[in-house]
Amino acid sequence: DGEFRLTEDANSQSGSLWYGNYLDLESDFDLEFEVNLGSNDGGADGVAFVLQQSPEGTASLSKGGGLGYKGITPSVAVEYDTWSNNEYNDPLMDHIGLQKNGDVVHFESNELERPSMQMNIEDGKWHNTRIKWSAGSKRLQVYWDGSSIPVLEKSLNMQDEIFGTNPYVYWGWTGSTGDARN
């Protein structure tokens, strides 16, 4: 029924799901999803919506704070992070962040936008998230729970700054657990 589980409620899991057709960064796209990040407020680690250039995704997915996308390069990732990893400069609360090139460390050069919406998102509920790309203005927007105001917004020339001359990217979801799970 269009529902996919990226990880089991077990330690040290990772998983991914990739759509088979590419997106063209020279055209607008507007994708909407429902995500459920579990109901254990002390659980970990989260999921990420990832744009990258391989149609098969990646064979080796990171676990724990890597949210499955750590090391995928070139890439752009919208992370829905439910664990505060000190080594990655994570905020103390669950958050949504925007990173590039498989780098999960915040407040450094591969962070595209500071983490936002620091609140509990492991509440057992399904949450609507929307990822919108406007090719003309080169603006990426991320929405949460039907809000008309983006929780993240970034002007970014993804093709030139991240993916080179190739405007075609594949999208998918990655997720992981570590020493904690959800």
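Right above here is the structure, for reference.
Keep in mind that this is a model prediction, so the values were computed, not measured.

The helix and strand inventory of the chain stands at one helix and 11 strands. Starting at the N terminus, the α and β elements of the chain follow one another as β-β-β-β-β-β-β-β-β-β-α-β. What you see for the chain is a C-alpha radius of gyration of 15 Å, in line with the 16 Å of a compact globule of 182 residues. Across its three principal axes, the chain shows a C-alpha extent of roughly 40 × 40 × 35 Å. Within the chain, the proportion of its 182 residues that are buried is 53%. For the chain, the share of sequence-separated contacts (at least 6 apart) that also reach a separation of at least 24 residues comes to 66%.

Among the structural elements, aspartate 90 can be located in the loop between strand S5 (75-81) and strand S6 (95-100). Of the side chains with opposite charge, lysine 70 comes closest to the buried, unpaired aspartate 90, at an N-O distance of 11 Å. Here the side chain of aspartate 90 touches asparagine 85 through a polar contact of 3.0 Å, landing on its backbone nitrogen. Looking at aspartate 90, its side chain comes within polar contact range of the side chain of histidine 106, at 3.2 Å. Those residues in contact with aspartate 90 that lie beyond four places of it in its chain are Asp81, Trp83, Ser84, Asn85, His95 and His106.

Our next topic: the pairing of strand S3 (residues 29-35). Alternating residues of S3 divide into Phe29, Leu31, Phe33 and Val35, all buried, and Asp30, Glu32 and Glu34, none buried. The pairing of S3 with strand S8 (residues 127-134) spans seven bridges and is antiparallel. Residue pairing in the sheet places leucine 31 in a bridge with isoleucine 131 of S8.

Before going further, it helps to spend a moment on the packing of aromatic side chains. A full pass over the atoms with the stated rule returns 10 aromatic pairs. Centre to centre, the rings of phenylalanine 33 and phenylalanine 49 are 5.8 Å apart; their planes meet at 45°, and the pair counts as tilted. Note that phenylalanine 33 is positioned in strand S3 and phenylalanine 49 in strand S4 (residues 46-52), a separation of 16 residues in sequence. A relative accessible area of 15% places phenylalanine 33 in the buried class. Considering the side-chain rings of phenylalanine 49 and tryptophan 173, the 5.6 Å spacing of their centres and the 70° angle between planes classify their relative orientation as edge-to-face. In this pair, phenylalanine 49 sits in strand S4 while tryptophan 173 sits in strand S11 (residues 168-176), placing the two residues 124 residues apart along the sequence. Of the two residues examined, phenylalanine 49 and tryptophan 173, each falls in the buried class. In textbook terms, an aromatic cluster arises when at least three aromatic residues are bridged by ring pairs, as seen for Tyr19, Phe33, Phe49, Tyr80, Trp144, Trp171 and Trp173. Above the face of the tyrosine 143 ring, arginine 130 is positioned so that its terminal group lies 4.9 Å from the ring centre.

Conventions and cut-offs
- Residue positions are counted from 1 within each chain, in the order its sequence is given.
- Where totals are concerned, whole chains, interfaces and linings use all residues; where local detail is concerned, this predicted model gives features only for residues with pLDDT of at least 70, and gives and counts side-chain atom pairs only at 80 or more.
- Remark: hydrogens and water are excluded; side-chain values derive from all non-hydrogen atoms of the structure.
- Numbering goes from the N terminus for both helices and strands, where a helix is a DSSP run of H or I of at least four residues and a strand is a run of E of at least two.
- Note that the radius of gyration is over C-alpha atoms, with the globule rule given as 2.2 Å times the number of residues to the power 0.38.
- Each residue is placed in one exposure class: buried if its accessible area under a 1.4 Å probe, protein chains only, is under 20% of its type's maximum, exposed if it is over 50%, and partly exposed if it falls in between.
- Here a residue-residue contact requires only that any non-hydrogen atoms of the pair lie within 4.5 Å.
- By the counting rule applied here, Lys and Arg register as positive and Asp and Glu as negative, while His and the ends of each chain are not counted.
- One speaks of a salt bridge when a side-chain nitrogen belonging to Lys or Arg is within 4 Å of a carboxyl oxygen belonging to Asp or Glu.
- Distance and chemistry together define a polar contact, namely a pair of N or O atoms within 3.5 Å, with one atom able to donate a hydrogen and the other to accept it when in protein, and with adjacent residues in sequence counting only for side-chain atoms on both sides.
- When DSSP locates at least two bridges between a pair of strands, those strands are taken to pair.
- Planes of paired rings set the category: under 30 degrees apart is stacked, over 60 is edge-to-face and the rest tilted, where pairs are Phe, Tyr or Trp rings (Trp by its six-membered ring) whose centres lie within 6.5 Å.
- Charges are assigned to positions over rings by a cutoff of 6 Å between ring centre and Lys NZ or Arg CZ, combined with an angular limit of 35 degrees from the ring normal.

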